[in-house]
Each structure stands twice: as C-alpha cells, then as structure tokens.
Amino acid sequence: MATVAHLTTRTPKVSVEELLAGFHPSPRFGEVSFESYRPDPAQPSQSAAVRALQAFGASMEGQRGGGSVFSRLFGAKKPASRAGVYLDGGFGVGKTHLLASLWHSVPGPKAFGTFVEYTNLVGALSFRKTVEALSSYRLVCIDEFELDDPGDTVLMSRLMRELADAGVKLAATSNTLPGSLGEGRFAAVDFQREIQVLADQFDVIRIDGEDYRHRGLPEAPAPLENHELDARLNAEFDGGVVAVDDFGALMKHLAGVHPSRYRQLIDGVDGVVWKDVHTIEEQAVALRFVVLADRLYDKDVPILASGVPFDKLFSEEMMSGGYLKKYFRAVSRLTALAREAQTHEAS
C-alpha cells in the first residue's frame, strides 16, 4: 500500500542557507558531463557548443570569484572578454545538459538554478544580500532565462551587471536571444537599455536542432477516471509516498506558497495524483503552476490524473501568447511524467 499525503496541507519553511544550498543541478542532471552529451552529427553547432563551453570552463582555472570590494577596485585589470556565455536554441537540443556539464566541470563555489529561482532568491534575501552572497562565486549558471515582466528586467539587469563587475563568470540558457528577451510579454522597447545591459554580458553560442514548435507536443496519455485513481496509485507506488490532491484546491494552495519553496513542497514525494484536472484560464495561476511542473520534472515524480489531458491544461490563448514557450515546456514535461506513471515510459 502507498502512504497518502496532501500537498495542500504543506506550507514549508525554508531558511536562507537552505535556499543557497539548493542551487545545484537537479537529480536529473546530477551526473551529466560533456562526454555524456550526444551531439547530432547533422547539427555541427552542437559539437561546436561543447568545445566552446569546455574552453569557457578551462578559462576559469585559478579564478577565485569576485573577492572583496577593495580587490575589485584596486586589483588586476578586468579581462576584455565578456563575463558569460549564453546558449540559444530550441527546446530539446540539450542546453540544460550542457549547462549542467559546465557546472560540474568547474570547481566551486558556484551556483546553478533556473531564472525564477534567482528572482525568488532576491525576494528572500534582498537584492544587496544576493549580490554579496553570489559575488564570491566562480560561476553562476542561469537555466531557462526569460523575462516575465518589467520588474524582472530591471532586477536581472542589475544583478548580472554587478556579478560581472565582481568577476563572476555567467552562463545561461534560453529559447530567446538576449537582445529579444521580453518581447511579447510587455513593452520591451521601454526597457531596451536594461535588456541591452543583459545582452552585453554574454557571448551567444547558438545550438541548432529540431525545435519543439516544429515537432509539436507529444501525445498526452488519456486521463483516468476518478474511481480508477485509488487502485492505480497503490499499484504504481506501493510502499511509497503519494501526494493526492484535488486539482482546484491545489491551485488555490499554491497561491499561498512562495515558488521558492516548491522544491521543499514536494520533498519525500514518490508520486502525485491529481483529481479533476481542468484547463487553467488565469495567467498568474498558470505561471505558478509552471514552476511546480519544473520542480516535479527535476525530481522525476510520476503523475496520475483525472480530468482534462495535459495538452488541454492551458487555454488556447495562453498557448499562443507571450508565455507560450513556458507552457509548451510545462505540457511536455507533465506529459512525460504522466506517461511514466501510466505506461512506464522513461521521462
């Protein structure tokens, strides 16, 4: 028998030290390397990206992070090269694999997190304390770099600039070129200065490959009926801990839990079961749920669900709007986790 828990009863408390300690690749990318990356022979840019990142990592040998304010003002002259590398390419070409490989190849101190995890860190620590905490690092890796609103634009522009000035090397991945961040989400032209400051921190490494928009979404498994869930959860997760929740109640609960705590929200959970999944119509609810989907995928937590299939999780308007890349990624990941639970396909 499985042990049943409920995410809707969990309100995790997370210390600053726990937040900082969590900035490392997820278990899914916990042991990847440049050698385990398999470039497509038909896409030479993939092999070129591996070589470029290996050289970037080698350039950090002997680096000790940003050091003190005094050393930054009166120490050695800063190198002329840009502070970071920016991996640009479509979904599914291995950008996160390569970013994690770079992180593993460089000695610490170092940090690896998603864009939203860094903005959440600023919210938890304050901007100045975040700069102080990260300025001593050799490398800061930012996965899934996207600008969701003008506030994030100004925040990340300042953070990247100050870390670069402190001598910290930066590496990021995104589906959008740095100079085009924010397009389709807000009046990006009004924040062009901040966007350009971000772009100026990076040398772009293009990784070509089949883009998810051309492949289309994988077919989601048919949802289960509510009366099937109990039997299936015990069969699939016998001896494990399963978080069983009404989908609507879970959406309301997430509004009261800061996204920086979603990783701890699912601690110790071997599977999740959602009853009566429905199409999300509100943007704020959808963006919060994307963060939860990412954390579930990071920890490879299989999903059983009733209600609408995951390819109908977000409204048609959302799937064609400014955040479509986030929603496509979430649907793809949730579908993989549902397939893992229902058909035992590896996610």
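Up top is the structure these notes are about.
**Examining the pattern of salt bridges**
Side chains that differ in sign of charge can pair as their charged atoms come close.
Thought 1: Going through the model one piece at a time under the given rule, you end up with 13 salt bridges.
Thought 2: Of the charged contacts in the structure, one is a salt bridge between aspartate 88 and arginine 206, with a shortest N-O distance of 2.6 Å. Of the two residues, aspartate 88 sits in strand β2 (residues 84-89) while arginine 206 sits in strand β6 (residues 202-207), which places them 118 residues apart along the sequence.
Thought 3: Judged by relative accessible area, aspartate 88 falls into the buried class, the value being 4%.
Thought 4: Salt bridges linked by common partners bring Glu144, Asp294, Arg329 and Arg333 together as one network.

**What about the side chain of glutamate 117?**
Thought 1: Tracing the backbone through its elements, the reader meets glutamate 117 in helix α5 (residues 115-125).
Thought 2: Accessibility expressed as a relative area gives 15% for glutamate 117, which makes it buried.
Thought 3: Apart from residues no more than four positions distant in its own chain, glutamate 117 is found in contact with Phe23, Arg263 and Arg295.

**Some thoughts on helix α15 (residues 324-343)**
Thought 1: The end-to-end C-alpha separation of α15 is 27 Å, in line with the 28 Å expected for 20 residues at 1.5 Å each.
Thought 2: By the criterion of burial, α15 is predominantly enclosed, with 17 of the 20 residues buried.

**Description of the pairing of strand β3 (residues 110-114)**
Thought 1: Among the 5 residues that make up β3, 5 are buried, leaving the element largely enclosed by the rest of the structure.
Thought 2: As judged from the 5 bridges shared by β3 and strand β4 (residues 139-143), these two strands associate in the parallel manner. Counterpart to lysine 110 in the pairing with β4 is leucine 139.

**Here we look at the packing of aromatic side chains**
Thought 1: Counted according to the given criterion, the structure contains 7 aromatic pairs.
Thought 2: With a centroid separation of 5.9 Å and 65 degrees between ring planes, the pair formed by phenylalanine 247 and tryptophan 274 is classed as edge-to-face. Of the two residues, phenylalanine 247 sits in helix α11 (residues 247-254) while tryptophan 274 sits in strand β8 (residues 271-277), which places them 27 residues apart along the sequence. Accessibility assignment for this pair places phenylalanine 247 and tryptophan 274 in one class, buried.
Thought 3: A ring pair is formed by phenylalanine 314 and tyrosine 327, whose centres lie 4.5 Å apart and whose planes are at 25 degrees; its orientation type is stacked. Of the two residues, phenylalanine 314 is situated in the loop between β9 (303-307) and α14 (316-319) and tyrosine 327 in helix α15; the sequence distance between them amounts to 13 residues. For the residue pair phenylalanine 314 and tyrosine 327, the accessibility class agrees, reading buried in each case.
Thought 4: Within the aromatic cluster, the residues linked to one another by ring pairs are Phe247, Trp274, Phe289 and Phe310.
Thought 5: Against the face of tyrosine 297 rests arginine 28, its NZ or CZ located 3.7 Å from the ring centre.

**Regarding the packing of helix α13 (residues 283-298) against α15**
Thought 1: Look at α13 against α15: their axes get within 9 Å of each other, and the N-to-C directions meet at 45 degrees. On the basis of their axis angle, the class for α13 and α15 is oblique. The handedness of the crossing between α13 and α15 comes out as left-handed. Residues Gln283, Ala286, Leu287, Phe289, Val290, Ala293, Asp294, Leu296 and Tyr297 of α13 form the contact with α15, whose participating residues are Lys326, Tyr327, Arg329, Ala330, Arg333, Leu334, Ala336 and Leu337.
Thought 2: Its residues assigned to classes, the contact of α13 with α15 comprises 12 nonpolar, 1 polar and 4 charged.

**Quick look at α11**
Thought 1: Burial analysis of α11 places 6 of its 8 residues in the buried class, the great majority of the element.
Thought 2: Of the residues making up α11, those classed as buried are Phe247, Gly248, Leu250, Met251, His253 and Leu254.
Thought 3: As for α11, its buried residues are in contact with β7 (241-246), α12 (262-265), β8 and α13.
Thought 4: Taking the backbone nitrogen of glycine 248 as reference, a side-chain oxygen 3.2 Å away marks aspartate 246 as the first, capping residue of α11.

Calculation notes
- Residues numbered from 1 in each chain as written.
- Predicted model: local features only at pLDDT ≥ 70, side-chain atom pairs only at ≥ 80, totals over all residues.
- Heavy atoms only, no water.
- Salt bridge = Lys/Arg side-chain N within 4 Å of Asp/Glu carboxyl O.
- Helix = DSSP H or I, 4+ residues; strand = E, 2+ residues; numbered from the N terminus.
- Buried < 20%, exposed > 50% of the residue type's maximum accessible area, 1.4 Å probe, protein only.
- Contact = heavy atoms within 4.5 Å.
- Expected span 1.5 Å × (residues − 1).
- Pairing = 2+ DSSP bridges.
- Phe/Tyr/Trp six-rings, centres within 6.5 Å; stacked < 30°, edge-to-face > 60°.
- Lys NZ or Arg CZ within 6 Å of the ring centre and 35° of its normal.
- Axes fitted to C-alpha atoms, helices over the stretch in contact; angles between N-to-C directions.
- Parallel < 35°, antiparallel > 145°, perpendicular 65-115°, else oblique.
- Left-handed = near helix turned anticlockwise from the far one by under 90°.
- Nonpolar A, V, L, I, M, F, W, Y, C, P; charged D, E, K, R; others polar.
- Polar contact = N/O pair within 3.5 Å; in protein donor to acceptor, adjacent residues only side chain to side chain.

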